[in-house]
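Report on the structure
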Amino acid sequence: VTDYHIGVSSAKVLEKDFTEVNIGYGANWYTQSDIYVGIVIEFAYGNVDLEDGKSADVFSSNADLKLGYSMFDNNLALYAIGSGALQSVDTMSGAGFGYGAGVDYRFAKNYFIEALFSLYDKNQTIISTNNIQEWRLSLSFPITGKSLMLFTRIGFGQTINPSTSNNIAEVMISGVYKSVN
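A brief look at the structure comes next.

Cut-offs and rules
- Residues numbered from 1 in each chain as written.
- Predicted model: local features only at pLDDT ≥ 70, side-chain atom pairs only at ≥ 80, totals over all residues.
- Heavy atoms only, no water.
- Helix = DSSP H or I, 4+ residues; strand = E, 2+ residues; numbered from the N terminus.
- Contact = heavy atoms within 4.5 Å.
- Areas by Shrake-Rupley, 256 points an atom, 1.4 Å probe, with all protein chains shown as cover.
- Patch = residues over 30% accessible without salt bridge, like charges linked within 9 Å, V, L, I, M, F, W, Y side chains within 5 Å.
- Salt bridge = Lys/Arg side-chain N within 4 Å of Asp/Glu carboxyl O.
- Phe/Tyr/Trp six-rings, centres within 6.5 Å; stacked < 30°, edge-to-face > 60°.
- Buried < 20%, exposed > 50% of the residue type's maximum accessible area, 1.4 Å probe, protein only.
- Pairing = 2+ DSSP bridges.
- Core = buried A, V, L, I, M, F, W, Y, C linked by side-chain atoms within 4.5 Å.

**Side note on the overall build of the protein chain**
- Broken down by element type, the protein chain carries zero helices and 10 strands.
- Reading the protein chain from its N end, one meets helices and strands in the order β-β-β-β-β-β-β-β-β-β.
- Of the contacts made within the protein chain by residues no fewer than 6 positions apart, 43% connect residues no fewer than 24 positions apart.
- On the protein chain, roughly 11200 Å² of surface is accessible, and the fraction owed to carbon and sulfur atoms is 59%.

Below, the structure written as structure tokens:
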């Protein structure tokens, strides 16, 4: 299973809210030995307004590596997650690392639900926020027509920081237009 996605999200860095553009790639593989391997790589860019009319570019990237076991004809996957993030704001940069676990359940062809939970190092140096933990729940399903196929993901989640928590809701749609000559 492979997906490419692009989106826009609200973010916060240096106690300032801003909008960023996100692009990403994700892929999952199932081996004949029922080993499950997945990777997600995402990049984001935004520009945050600072005091005195100044602004700063914000670049972020993160990656998740998933490794686990699949069962029931690859309809259920249980896996461990290793996470890493890099961020640059103007002349500052930082990194964060985490680990967690997840489960994917395919309840029909191309329909699946995914649940993830991650813990992060409390002493990380990421700039925008020091996440202590994160959880996500998402539902993915296709919408097909005669000439158009859309892949849709609806998700909810929460990141918990030392002093605040952020609730997340997302809708992501990617599509293919089929043309016959």
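Moving on from the coordinates now.
**What to know about a nonpolar patch on the surface**
- A grouping of Tyr105, Phe107, Tyr111, Ile113, Phe117, Trp135, Leu137, Leu139 and Phe156 is seen on the molecular surface, where their side chains present a nonpolar patch of about 800 Å² in accessible area.
- Put simply, the parts of the chain that give the nonpolar patch at least two residues each are strand E6 (92–108), strand E7 (111–120) and strand E8 (133–144).
- Mapped onto the secondary structure, Phe117 falls in strand E7.

**Some words on the packing of aromatic side chains**
- Summed over the entire model, instances satisfying the criterion amount to three aromatic pairs.
- Ring centres of Tyr45 and Phe59 lie 5.1 Å apart, and the angle between their planes is 45°; this geometry places the pair in the tilted category. Of this pair, Tyr45 sits in strand E3 (residues 35–49) while Phe59 sits in strand E4 (residues 55–71), and the two are 14 residues apart along the sequence.

**Considerations on the side chain of Ser60**
- Mapped onto the elements, Ser60 comes out in strand E4.
- Beyond its immediate chain neighbours, meaning those up to four positions away, Ser60 contacts Glu20, Glu42, Phe43, Ala44, Leu86 and Gln87.

**Some details on the pattern of salt bridges**
- This model, assessed by the stated rule, comprises one salt bridge.
- Between Lys66 and Glu114 there is a salt bridge, with the nearest N and O atoms lying 3.0 Å from each other. Taken together, the residues Lys66 in strand E4 and Glu114 in strand E7 connect sequence positions 48 residues apart. For the pair shown, Lys66 and Glu114 are each scored as buried.

**Looking at the pairing of E6**
- The pairing of strand E5 (residues 76–89) with E6 spans 14 bridges and is classified as antiparallel. Note that in E6 the partner of Leu86 across the bridge is Ala95.
- If you look at the hairpin formed by E5 and E6, you'll find two residues sitting between the two strands, and Asp90 has a positive phi there, around 55°.
- The pairing of E6 with E7 spans 10 bridges and is antiparallel. Paired with Tyr99 across the strands is Leu119, a residue of E7.

**Details of the nonpolar core**
- Formed by Ala11, Val13, Phe18, Val48, Ala56, Val58 and Val89, the largest nonpolar core amounts to seven residues.
- Those elements that place two or more of their residues in this core are strand E1 (2–13) and E4.
- Counting five residues, the second-largest nonpolar core is a separate cluster that includes Ala77, Tyr79, Ile81 and Leu116.

**Brief notes about unusual backbone geometry**
- We note that Asp73 has phi near 55°; this positive angle belongs to a residue other than glycine.
- As for its placement among the helices and strands, Asp73 is situated in the loop between E4 and E5.
- Positive phi, normally seen in glycine, also occurs at Asn74, with a value near 65°.
- With respect to the element layout, Asn74 can be found in the loop between E4 and E5.

**Considerations on the environment of Pro142**
- As for its position among the elements, Pro142 is in strand E8.
- Here Pro142 falls in the buried class, since its relative accessible area comes to 13%.

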